[in-house]
Structures are given as structure tokens and as C-alpha cells.
Amino acid sequence: MYSIEVKGSSGSYPIYIKDGLLGEIGSEVKKIYKGRKIAIVTDSNVNKFYGKKVLSSLKAEGFETFKIVVKVGEESKSFGTLLGVYDKLLDFKINRGDIIIALGGGVVGDMTGFAAATFLRGIPLIQIPTTLLSQVDSSVGGKVAVDLPRGKNLVGSFYNPRAVFIDPLLLRTLNDKYFNDGMGEVIKYGAIKDRELFYKLMNYENKEAVLKDIDKIIYTCCSIKAGIVERDERDTGERMLLNFGHTIGHAIEQFFNFKEYSHGEAVAMGMHAITKLGEEIGVTKIGTANIIKDILIKYNLPWNLPEIKTKAIIETISHDKKNIGDSMKFILIESIGNSFIEKIKSAKIEDYLQRNHK
Ligand SMILES: NC(=O)c1ccc[n+]([C@@H]2O[C@H](COP(=O)([O-])OP(=O)(O)OC[C@H]3O[C@@H](n4cnc5c(N)ncnc54)[C@H](O)[C@@H]3O)[C@@H](O)[C@H]2O)c1
């Protein structure tokens with residue numbers, strides 16, 4: 001079993017990574033929680049695959065369990081869903097001494113995390129991430145949120161879990177689209193911080209080969225993220241590096257109303273675009289954008305910007321938190337594995353986007 005201790009301002013928490021961990025979840029939870037009641041929040045899809053397994057493992061250890069199943073998809077990261085979850089937590093008489101488990105991808109993790117952070121001013125939380133994206137990214141670092149009709153993640157908090165339990169075998173039931181989506185974030189870690197990881201990813205023959213190594217890959221990604229969030233828990237400095245490709249990516253997601261491109265796909269295009277721009281302004285080694293393009297193609301991710309209205313994209317980007325005057329803060333890479341924060345003039349971005357979309 002791999003384990004990582006993440007040090008946070010509110011104490012530290014472990015991340016455990018092991019094939020088959022889900023089947024032992026009851027005894028693992030027992031080691032860190034001495035109470036009896038557990039509320040499990042999941043989505044209907046994950047419930048179908050793993051709901052019974054988790055419940056029976058917890059029940060076998062004597063826990064009293066209560067399951068809350070929400071709809072699949074980003075729409076569940078909403079106040080509507082949240083109210084339903086609070087209501088069920090009240091029905092079940094969950095209080096501060098009990099525990100909430102988020103069993104699912106980033107949607108369930110973010111929404112349940114926010115419910116746990118806010119219900120009765122905070123109920124201890126355990127994350128059991130089930131998608132690649134949530135195993136390498138969203139379950140670590142304590143960011144929890146719901147969306148508002150006007151944008152994603154607009155209401156949220158920093159709320160660290162008690163523990164994160166990662167079972168890489170769960171990825172066997174994840175479809176290729178979501179697997180590739182998660183690979184987008186894995187590629188990001190390589191691009192911003194780990195040249196060795198990046199070139200390892202370049203050399204895998206196929207998905208099976210990646211899956212054979214996936215526990216190590218998840219461990220590497222979680223270790224990178226843990227290091228970054230320990231040094232910058234509140235996202236005011238180094239943590240911004242994790243946003244490589246995300247500023248343009250978010251704008252694309254939003255432009256298409258979150259319907260056309262998944263998060264990973266949008267970030268993939270964002271990573272390539274910003275690297276190409278980096279080359280143009282002379283801060284990125286020539287050829288790096290092509291390397292990014294090659295790896296995105298290898299993992300069936302898009303790299304070329306879609307047809308967009310440049311003004312609308314700039315508008316969305318300029319609402320982004322990273323703006324200063326007529327410049328915007330972007331994450332760039334100098335070469336694979338070396339990232340930094342750079343201010344770029346809005347006009348320069350606009351000009352670049354105008355010339356480079358379909
Ligand atoms: N908190 C953070 O730091 C952070 C970071 C990155 C992304 N996010 C958020 O994560 C969300 C996206 O998460 P996601 O990509 O995991 O999406 P998701 O939670 O919607 O899961 C994707 C799909 O996979 C299904 N699924 C989950 N696990 C499965 C499994 N093991 N087998 C089969 N199907 C499975 C789900 O039911 C869903 O249909 C976004 O809302 C994004 O904002 C948060």
C-alpha cells in the first residue's frame with residue numbers, strides 16, 4: 001500500500017492507495033473513526049457498481065450506515081442537490097461526532113465535501129474517489145464547492161478530509177472518455193513538475209500498460225499535489241501552477257455551456273494553447289508545444305482550439321481570479337517539468353486566440 005501524509009493547517013491527513021482497498025474499507029475506516037454512524041453520499045452510477053460493496057464492508061465492522069444517492073453529472077454540484085443532501089442528513093440525525101463518506105468522482109467529492117464542511121458547521125469527511133481525475137486531483141487538497149447558474153465552483157470552501165482511500169481497481173469500470181479525461185490531469189502534473197513522469201506517459205504502449213502502473217502513477221500525482229498544497233494551502237502562490245491549461249480550458253468549457261467538452265479535454269486544449277503562446281513570447285523552449293500535442297494525441301485528447309468567439313472567451317477569462325489590470329496571470333512551462341507564473345497582456349492573449357482557433 002502506498003501512503004502519503006498531507007500536512008494541512010487544520011492537521012494532517014493520510015492518502016492510502018492500494019488495489020482492492022474498497023473491499024477493506026470497513027476495517028480501514030474503523031482504524032480512524034471510533035463512532036458508529038456513517039452517511040455515504042454517492043451518485044447513481046457509482047452506486048450501481050460499488051454501493052453494496054462499501055455498505056457491506058462497513059456494516060461488517062458494526063457501523064450504522066445511511067446512503068444518499070444523487071443524480072449523475074455536474075448538475076448535482078448544485079444548491080438543489082445540496083438541500084436534498086442536508087435534508088437526508090437531518091433525517092438520519094447525523095451530528096458532528098459522525099462521519100460522511102464521499103464515494104464517487106469529482107462531482108460527488110466536491111458537493112459532498114461542501115455539504116460536510118457546512119452541515120452543522122462541519123462533519124468529518126472521508127473521500128473515496130472513484131474516477132482517475134478525482135484520484136489524482138480533486139480528492140486531495142481540500143477544495144470543495146458547488147456551482148451557481150452563472151458559473152462553476154462559485155461557492156465553496158477549503159475543507160480537508162480525515163483520510164482519502166484510493167482503490168485503483170475501480171478505474172477498470174470507468175469508461176474511456178473519463179479515463180482519458182483523468183489522463184489530461186496526469187499529463188498536466190508531468191508537464192508542470194515531473195519530466196520523468198511525462199516521458200514515462202509518452203512511452204506506454206496502450207491503456208492496459210498504463211493501468212498496470214496506475215497505482216504508481218496515482219501515487220506520483222498525489223505526492224506532487226500534496227507537496228504543492230502543503231506549501232500553499234490557500235492557493236495564493238505555488239498552488240496556481242496546478243492551473244496549467246485551466247484558464248483557457250475553463251473559458252472553453254463555459255463557452256460551450258459545459259456540454260461540448262469535458263474538463264480534461266478543455267484543459268488539454270488549454271495546455272497546448274498556452275504553451276504555443278509561451279513559445280511565441282519567447283519564454284517557452286521552441287518545440288515544447290509540439291511535445292504536448294503529441295502526448296495529447298496519444299491519449300485521445302484534443303489539442304487544437306475549437307471554433308470560438310474570441311471576445312467571449314476573453315470576457316470569461318477576464319472574470320477569472322487571476323487578473324491584474326490589463327494583464328492576466330497564466331501558468332506557463334519553460335520546458336517539460338518546469339512551470340512558472342507569468343503575467344500576459346490581455347491584448348496579447350486576444351491576438352493569439354484570434355489567430356489560432358479553427
Ligand atoms: N476540488 C478540486 O480540487 C477539483 C479539481 C479538479 C476537478 N474538480 C471537479 O471535479 C468534477 C469532475 O469530476 P469527474 O471528472 O470525476 O466527474 P464525475 O464525478 O461526474 O464522474 C464522471 C462519471 O464517471 C462515473 N464514475 C465515477 N466513478 C466510476 C467508476 N469507478 N466506474 C464507472 N463509472 C464511474 C460517474 O458516475 C460519472 O458519470 C468537476 O466538477 C470539477 O470541477 C475539483
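Since we're looking at a predicted model, the values are computed, not measured.

Reading the values: rules and limits
- Residues numbered from 1 in each chain as written.
- Predicted model: local features only at pLDDT ≥ 70, side-chain atom pairs only at ≥ 80, totals over all residues.
- Heavy atoms only, no water.
- Near = heavy atom within 4 Å.
- Polar contact = N/O pair within 3.5 Å; in protein donor to acceptor, adjacent residues only side chain to side chain.
- Helix = DSSP H or I, 4+ residues; strand = E, 2+ residues; numbered from the N terminus.
- Nonpolar A, V, L, I, M, F, W, Y, C, P; charged D, E, K, R; others polar.
- Expected span 1.5 Å × (residues − 1).
- Bend = angle between axes of the 7 residues up to and from the residue.
- Buried < 20%, exposed > 50% of the residue type's maximum accessible area, 1.4 Å probe, protein only.
- Contact = heavy atoms within 4.5 Å.
- Pairing = 2+ DSSP bridges.
- Axes fitted to C-alpha atoms, helices over the stretch in contact; angles between N-to-C directions.
- Phe/Tyr/Trp six-rings, centres within 6.5 Å; stacked < 30°, edge-to-face > 60°.

A.B. asks: For this particular structure, what's the right way to read the site of the ligand?
C.D. replies: Near the ligand lie 25 residues; those nearest to it are Glu 74, Gly 106, Thr 130, Thr 131 and Thr 173. At 3.1 Å, a side-chain N or O of Asn 45 approaches an oxygen atom of the ligand. Take Leu 170: an N or O atom from its main chain is 3.0 Å from a nitrogen atom of the ligand. Elements represented by at least two residues in the shell around the ligand include exactly helix H2 (44-60), helix H4 (106-118), helix H5 (132-138) and strand E8 (151-158). The leading source of residues in the shell around the ligand is H2, at 4 residues. Residues belonging to the shell around the ligand are distributed by class as follows: 9 nonpolar, 8 polar and 8 charged.

A.B. asks: How do you make sense of H2 when you look at a structure like this?
C.D. replies: Each turn of an α-helix holds 3.6 residues, which means side chains three or four residues apart point in the same direction. Compared with an ideal rise of 1.5 Å per residue, which puts 17 residues at 24 Å, H2 spans 23 Å between its outermost C-alpha atoms and is within 8% of the ideal. Approximately 60° is the largest bend angle found in H2, and it occurs at Tyr 50. Of the residues making up H2, those classed as buried are Val 46, Tyr 50, Gly 51, Val 54, Leu 55, Ser 57 and Leu 58. Close packing links the buried residues of H2 with helix H1 (25-32), strand E3 (37-43), strand E4 (64-70) and strand E5 (99-104). Here H2 starts with a cap whose side-chain oxygen sits 3.1 Å from the backbone nitrogen of Asn 45, and that cap is Asp 43.

A.B. asks: Just checking my understanding: could you explain the pairing of strand E11 (residues 327-335) for this structure?
C.D. replies: In terms of burial, E11 is a largely internal element, 7 of the 9 residues being buried. In terms of strand pairing, E11 meets strand E12 (residues 338-345) through 8 bridges, oriented antiparallel. Note that in E12 the partner of Ile 331 across the bridge is Ile 341. If you look at the hairpin formed by E11 and E12, you'll find 2 residues sitting between the two strands, and Gly 337 has a positive phi there, around 95°.

A.B. asks: I'm lost on the sheet that holds strand E6 (residues 125-129) in this one. Help?
C.D. replies: Strand order in this open sheet of 7 strands is E1-E2-E9-E6-E5-E3-E4, and the pairing throughout is mixed. Of all strands in the sheet, those with a lone pairing partner are strand E1 (2-8) and E4, marking the two edges. Here the average twist between neighbouring strands, direction ignored, is 15°. Its contacts with the sheet place helix H3 (residues 79-91) against E3, E4 and E5, and it is angled at close to 160° to E4.

A.B. asks: Which parts of the structure should I look at to understand the side chain of Ser 57?
C.D. replies: With respect to the helices and strands, Ser 57 occurs in helix H2. Polar contacts involving the side chain of Ser 57 include one to the main-chain amide nitrogen of Gly 26, which spans 2.8 Å. Residues contacting Ser 57, with those up to four places away along its chain left out, are Leu 22, Gly 23, Glu 24, Ile 25 and Gly 26.

A.B. asks: Can you walk me through the packing of aromatic side chains in this structure?
C.D. replies: In this description, a pair of aromatic rings is defined by centroid distance and the angle of the planes. The final tally for this structure, using the stated rule, is 9 aromatic pairs. When the centroid spacing of 5.0 Å and the interplanar angle of 90° are considered together, the rings of Phe 255 and Phe 256 count as edge-to-face. Take Phe 255: its relative accessible area is 27%, and that puts it in the partly exposed class. Cluster of aromatic residues (ring-pair linked, three or more members): Phe 255, Phe 256 and Tyr 261.

A.B. asks: I would appreciate a short explanation of the environment of Leu 89 in the present structure.
C.D. replies: By the secondary structure assignment, Leu 89 is in helix H3. Note: C-alpha distance between Leu 89 and Phe 119 (30 residues apart in sequence) is 8.4 Å. Leave out the neighbours within four places in its chain, and Leu 89 touches Ala 39, Ile 68, Ile 94, Ile 100 and Phe 119.

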